[in-house]
Amino acid sequence: MASSSLSVVLLLCLAAAASAQISPTFYDASCPVALATIKSGVAAAVSSDPRMAASLLRLHFHDCFVQGCDASVLLAGNERNAFGNVGSLRGFDVIEKIKSDVERACKRVVSCADILAVAARDSVVAVGGPSWTVSLGRRDSDTASETLANRDLPPPSLGVADLNTRFAAKGLNLTDMVALSGAHTIGRAQCRNFRSRLYNEANIDPDFATARMATCPQPLGSGDGNLAPLDATTPDTFNNDYFVNLKLNKGLLHSDQVLYAVAGGATEEIIDGFASNPDAFSNAFAAAMVKMGNISPLIFPQGLIRRTCSKTT
Ligand code: HEM
């Protein structure tokens, strides 16, 4: 091959490698109002419903764990019917409203996957948590999979080893997993997801259990949808109280308390660090959110930019 055509090939390869990355400045020229529009949409939603911060954060997690951060969770049907999602995920209407505001400013430029990633960050900040830089340029899928959602999303019945397996499958290590579980410093869970912990587990603070039992009766089917805060002390503020609570056996979900069950264990050591040092938690959480947000993005020419987040058209 002549040396000039070799350098063209090399240049093309370099260009392909460069464009196969997401970057924080991706919309600076094509949609400069995108970030501000998402931020004000999140602020409005959280001020009228403080729990919405938690719900948007969880939507991004459930998006990224199933075929990558590609907004597959937002498509009608499919993933939204999976076990951990149906009757549980919230915030679809908030994302759809933000998307329509963004579309009005810039048609078919900003992906739903990016809106979700930025909304998750802005939600955490809105309730007092740390900030981080979100890389952009993810594109949206034209598919979603209930089967993959059921395979990859962790149910609250899992123990540490199985939780770790699910996170490791997404490139997240034990510290990432514990830090990300700290998202349960905000938000609510339904009785059906913590009933068996209240009535069957020994490592639970008795007063805490009694208080929760009042709105989560034992008979299956009664009060299944009743809500309780995942962080008993500061349910709408993003701080490290979740870890302090775990040390007091006041974790709400089985999958929360298993992280602090064995004295001297690996996750217990990480929790001790986060419970005694809020900045250590903030930094680890922000770093793990960046990693989670980078799981298998669809990069141009893969994927598409949806006009409406619930539809591929
Ligand atoms: C470690 C494995 C995890 C398990 C087993 C788990 C499980 C759950 C369950 C069962 C609920 C309550 C759902 C309901 O009752 O409707 C919940 C809520 C929540 N989860 Fe997780 N979760 C995990 C990790 C995460 C991660 C990594 C994040 C985000 C980074 C997260 C964010 C949230 C938030 C914010 C809520 C409250 C949502 C709301 O109030 O609308 N969770 N989780």
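Residues numbered from 1 in each chain as written. Predicted model: local features only at pLDDT ≥ 70, side-chain atom pairs only at ≥ 80, totals over all residues. Heavy atoms only, no water.

**Re the overall build of the protein**
Looking only at helices and strands, the protein features 14 helices and two strands. The C-alpha radius of gyration of the protein comes to 21 Å, within 12% of the 20 Å expected for a compact globule of 313 residues. Out of the 313 residues belonging to the protein, those deemed buried represent 49%. Contacts spanning at least 24 positions in sequence make up 75% of the contacts within the protein whose residues lie at least 6 apart. Mean positive and mean negative side-chain charge positions of the protein (27 and 29 charges, respectively) differ by 7 Å. (Helix = DSSP H or I, 4+ residues; strand = E, 2+ residues; numbered from the N terminus. Rg over C-alpha atoms; globule rule 2.2 N^0.38 Å. Buried < 20%, exposed > 50% of the residue type's maximum accessible area, 1.4 Å probe, protein only. Contact = heavy atoms within 4.5 Å. Lys, Arg positive; Asp, Glu negative; His and termini not counted. Charge placed at Lys NZ, Arg CZ, Asp CG, Glu CD.)

**Some remarks on the coordination of the iron atom of the ligand**
Six octahedral donors around a metal ideally subtend angles of 90 or 180 degrees, whereas four tetrahedral donors ideally subtend 109.5 degrees. Protein coordination of the iron atom of the ligand is limited to a single donor, H184 (NE2), positioned at 2.1 Å. By secondary structure assignment, the location of H184 is in the loop between α8 (174–181) and β1 (188–190). (Donors = N, O, S within 2.8 Å, 3.2 Å for Na, K, Ca; no water.)

**What about the domain arrangement of the protein?**
Entries for the protein in the domain assignment read domain 1 (24–153) and domain 2 (160–291). Linking domain 1 to domain 2 there are one salt bridge. Across the pair D152 and K170 runs a salt bridge whose closest N-O atoms are separated by 2.8 Å. Between domain 1 and domain 2 we count six residue pairs in polar contact (both at pLDDT 80 or more) in total. Mapped onto the side of domain 1 that touches domain 2, the elements with two or more residues apiece are α3 (52–64), α5 (112–126) and α6 (146–152). Broken down by element, the residue count for the side of domain 1 that touches domain 2 peaks at five residues, all from α3. The residue inventory of the side of domain 1 that touches domain 2, partitioned by class, reads 12 nonpolar, eight polar and three charged. (Domains from an automatic or database assignment. Salt bridge = Lys/Arg side-chain N within 4 Å of Asp/Glu carboxyl O. Polar contact = N/O pair within 3.5 Å; in protein donor to acceptor, adjacent residues only side chain to side chain. Nonpolar A, V, L, I, M, F, W, Y, C, P; charged D, E, K, R; others polar.)

**Section: empty space enclosed by the protein**
Under the criterion given, the structure shown has two cavities of 30 Å³ or more. Of the pockets and cavities examined, the largest cavity occupies roughly 60 Å³. For the lining of the largest cavity, the element with the most residues is helix α14 (residues 278–293), which contributes three residues. Considering only residue class, the lining of the largest cavity consists of five nonpolar, five polar and one charged. Lining the second largest cavity are P50, R51, A53, A54, V127, I186, G187, P235 and D236. (1 Å grid on protein atoms, 1.4 Å probe; cavity = no way out; pocket = protein on both sides within 12 Å on 5 of 7 lines; lining within 4 Å. Points joined across faces, edges and corners; volume = space filled by probe spheres on them.)

**Regarding α14**
The end-to-end C-alpha distance of α14, which contains 16 residues, comes to 22 Å, matching closely the 22 Å that a straight helix rising 1.5 Å per residue would cover. Regarding α14, the residues found buried are F281, A284, F285, A286, A288, M289, M292 and G293. Here the buried face of α14 lies against α3, α5, α8, α11 (241–247) and α13 (266–276). The N-cap of α14, judged by a side-chain oxygen 3.1 Å from the amide nitrogen of D279 a few residues on, is N277. (Expected span 1.5 Å × (residues − 1).)

**Description of the site of the ligand**
Taken together, 25 residues lie around the ligand, and R51, S55, S88, H184 and Q190 are the ones closest in. Contact between the ligand and S88: an oxygen atom at 2.6 Å from a side-chain N or O atom of the residue. Within the backbone of R188, an N or O atom sits 2.8 Å from an oxygen atom of the ligand. Of the pockets mapped on this structure, the ligand occupies the largest pocket. (Near = heavy atom within 4 Å. Sits in = over half its atoms within 2 Å of the grid points.)

**Comments concerning the packing of helix α2 (residues 34–48) against helix α4 (residues 92–105)**
Direction vectors running N to C along α2 and α4 enclose 145 degrees, while the axes themselves pass 9 Å from each other. You can see that α2 and α4 cross each other, and the crossing is right-handed. Residue-level contacts link T37, I38, G41, V42 and A45 of α2 to V94, I98, D101 and V102 of α4. Of the residues belonging to the contact of α2 with α4, the class tally is six nonpolar, two polar and one charged. (Axes fitted to C-alpha atoms, helices over the stretch in contact; angles between N-to-C directions. Left-handed = near helix turned anticlockwise from the far one by under 90°.)

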